[in-house]
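Topology and contacts: notes
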Amino acid sequence: MSGFFEQRTADAAGRIGELAVPRSGVTVETPALMPVVNPHVQTIAPSRLEEEFGAEILITNGYILSQSEDLREAALSMGLHDLLDFSGAIMTDSGSFQLAEYGEIDVTTPEILDFQYEIGSDIGTPIDIPTPPDAGRDQAERELSTTQNRLERAREVETGEMLVNAPVQGSTYPDLREDAGRHARDTGLDVFPVGAAVPLLNAYRYDDVVEIVTAAKRGLGADKPVHLFGAGHPMMFALAVAAGCDLFDSAAYALYARDDRYLTVRGTEQLGELDYLPCECPICVAHTPDDLRDLGDDERERHLAEHNLYVSFGELRRIKQAIRRGNLLELVEARARGHPAMLDGYRALLDHADRLERSDPVSKDAFFHLSTESARRPEVRRHHDRLARLALEGHVLLTAGGENSSYDESWRIVPPFGPFPRHLSETYPLTAEVPERTGRESYEAAAEGVVQLVESNPDVEFTLAHREWPTSALERVPERVSVVPLESMDEYDAAGETDQ
């Protein structure tokens, strides 16, 4: 049975959506974090995850349950929700991680799906092969073929109302990821995890994560719920959501706490190196670093895990608000300033501005030009595309100053957008807040806007009156455009003021 996923609000490729989970009768708001619950060792009880942290969905390992002498019969007799004391949605993994770690597991896809169904899982998972990054292409193709055969077998298993994952593999080969996404979509299964990302995430290869997600989504299409397997660090949630991911699973909150690691949206800190706790969560308000260091191992681990969860769920709420306000990319940009690898990831995301533009809203509250990367945002791309469709006549002035009646038309020109008619000055995104000290890349983007307008109007005469544009931008302006410094022209408007 296919699940129902509905998008409510979008920004870039990120969206707030609803994933209906029919077996438990709940609806999960996405983007959503699924805390990983070890069925043997629970750092924080699942009931607390639900009641105190707002978890609507969690993930546990169905393979471990199936192999456990202690828990297998309990899960079968009680059902997974009662066993874990959790009323929200529960996803179960199949043992693919153990397969990757140990080379083999003693179960087949039909067997593990049957078991997941019998214990009451809401979203089950077949056994895929998580091909590691940078594997040889022959290996990646061979293992992808095996995964796809198993997805075909999964279609034949009677799973009732249990939704079924269709993992998307293909290592670091974008074409294989795209083909895998297309095949997964055509299976008619329900949720689409992008697999084998953990080695990339652990190595801070966020640009490669963006590339495999983008490739997978090209194959899946825009309307499928996407789960980024193993993505549990809050520093990269905004980037992953902007790339189009809807679900995340976090074992990091507990694993990092076990090693005295303290999560922040800018990276990871060691508790032993902190003099202050830079957070407003209940744990950090009530304790100092010395307080936590003085606790016993189990209590310190629990407190750190709670902090890590507060930070993670807080970041997802911040992301949702950013999507609602239309400033998700500005949040991504802020996070990109926290770590060089995040900046690599953001730049990789902007390499796909044409895809982002398709889902990015035409109108939002504001556009904040925060860095050189702002010049590559989808709003700038959309504006340039529209310039190519505009027809002009006569002699047109493109100016950083005021209107000039000596020309047939006098358009404004503002980096990074380039030229636009004055009557659009109060229209998004041309209401952008732009810094006084604009970078070279923004002027170059404005010049690209000039190119679009000039090339679509071959019979029109243009003059560009600029204010201290760098040579690299002026070199991009078509030769047939007359270029003059603004200060050489008398361009004051009737109020004696000039536009920027």
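The name given to the chain in an unreviewed UniProt entry is tRNA-guanine(15) transglycosylase, with Halococcus saccharolyticus DSM 5350 as the source organism. Per UniProt, the comment on the chain under Sequence similarities (unreviewed entry) is "Belongs to the archaeosine tRNA-ribosyltransferase family."

Some details on the packing of helix α15 (residues 297-325) against helix α16 (residues 328-336)
The geometry of α15 relative to α16 is characterised by a closest axis approach of 7 Å and an angle of 140 degrees between their N-to-C directions. Here α15 lies oblique to α16, going by the angle between them. Packed against α15, whose contacting residues are E315, R318, I319, A322 and I323, the element α16 presents L328, L331 and R335 at the interface. Here the residues of the contact of α15 with α16 sort into five nonpolar, no polar and three charged.

A look at unusual backbone geometry
Going from P415 to P416, the amide bond is cis rather than trans, its omega being 0 degrees. Examined against the element boundaries, P416 turns out to sit in the loop between β15 (409-414) and β16 (418-420). With an omega of 5 degrees, the peptide bond between Y428 and P429 qualifies as cis. One non-glycine residue, A196, lies in the positive phi region at around 60 degrees. Along the chain, A196 falls in the loop between β9 (192-194) and α9 (198-202).

Re the sheet that holds strand β3 (residues 26-30)
One open sheet accounts for three strands, arranged β1-β2-β3; its pairing is antiparallel. Two strands bound the open sheet, and with one partner strand each, they are β1 (4-11) and β3. Pairs of neighbouring strands in the sheet enclose a mean axial angle of 15 degrees, with direction left out of account. Two strands pair when backbone bridges link them, and strand β2 (residues 14-21) and β3 are joined in this way by five bridges, in the antiparallel orientation. Across the sheet, V21 pairs through a bridge with V26, a residue of β3. In the packing of α15 onto the sheet, contacts are made with β1, β2 and β3, and the angle to β1 comes to roughly 70 degrees.

As for empty space enclosed by the protein
Tallied over the full model, the rule gives one cavity of 30 Å³ or more. In this structure, the largest cavity spans a volume of roughly 30 Å³. As for the largest cavity, its lining consists of V209, V210, V213, L228, L239, A240 and A243. Within the lining of the largest cavity, the residues separate by chemical class into seven nonpolar, no polar and no charged.

Things to note about the confidence of the model for the chain
Mean pLDDT over the chain works out to 92, with 95% of the residues at or above the 70 mark. Low confidence marks residues 491-500, where pLDDT is under 50. Its contacts with residues over four positions away, or in another chain, come to 25 contacts.

Focus: the packing of aromatic side chains
In the structure shown here, the tally under the stated rule is five aromatic pairs. It is R261 that lies over the ring of Y256; its NZ or CZ is 3.8 Å from the centre. Here the basic side chain of R377 rests over the ring of F367, its NZ or CZ set 4.0 Å away from the ring centre.

Looking at the UniProt feature "active site" (unreviewed entry) in the chain
UniProt records the feature "active site" (unreviewed entry) at D93, using the numbering of this structure. Residue position: D93 is located in strand β6 (residues 89-93).

Quick word on the pairing of strand β5 (residues 57-61)
Most of β5 is tucked away: five of the five residues are buried. Residues of β5 alternate between two faces, with I57, I59 and N61 on one and L58 and T60 on the opposite face, all of them buried. Where strand β4 (residues 32-37) lies against β5, two bridges are found, and the strand directions are parallel. Residue V36 lies in a different strand from β5, and its bridge partner there is I59. Regarding topology, helix α1 (residues 46-51) serves as the crossover connection from β4 to the parallel β5, and that connection is right-handed.

Some words on the pattern of salt bridges
This model, assessed by the stated rule, comprises 38 salt bridges. Across the pair R137 and D175 runs a salt bridge whose closest N-O atoms are separated by 2.5 Å. Residue R137 is located in helix α7 (residues 137-155), and its partner D175 is located in helix α8 (residues 174-186); the two are separated by 38 residues in the primary sequence. Between R155 and E152 there is a salt bridge, with its nearest N and O atoms 3.0 Å apart. Highlighted residues: R155 and E152, both in helix α7, separated by three residues, approximately one helical turn. Overall, R155 belongs to the partly exposed group, its relative accessible area being 44%. E152 sits in the partly exposed class, given a relative accessible area of 29%. The network of salt bridges with common partners includes D11, E330, E357, D360, K364, R377, E379 and R382.

Reading the values: rules and limits
- Residues numbered from 1 in each chain as written.
- Predicted model: local features only at pLDDT ≥ 70, side-chain atom pairs only at ≥ 80, totals over all residues.
- Heavy atoms only, no water.
- UniProt positions renumbered as here; feature names shortened; annotations may be inferred.
- Axes fitted to C-alpha atoms, helices over the stretch in contact; angles between N-to-C directions.
- Helix = DSSP H or I, 4+ residues; strand = E, 2+ residues; numbered from the N terminus.
- Parallel < 35°, antiparallel > 145°, perpendicular 65-115°, else oblique.
- Contact = heavy atoms within 4.5 Å.
- Nonpolar A, V, L, I, M, F, W, Y, C, P; charged D, E, K, R; others polar.
- Pairing = 2+ DSSP bridges.
- 1 Å grid on protein atoms, 1.4 Å probe; cavity = no way out; pocket = protein on both sides within 12 Å on 5 of 7 lines; lining within 4 Å.
- Points joined across faces, edges and corners; volume = space filled by probe spheres on them.
- pLDDT = per-residue confidence, 0-100.
- Phe/Tyr/Trp six-rings, centres within 6.5 Å; stacked < 30°, edge-to-face > 60°.
- Lys NZ or Arg CZ within 6 Å of the ring centre and 35° of its normal.
- Buried < 20%, exposed > 50% of the residue type's maximum accessible area, 1.4 Å probe, protein only.
- Right-handed = clockwise from strand over helix to strand, strands pointing away.
- Salt bridge = Lys/Arg side-chain N within 4 Å of Asp/Glu carboxyl O.

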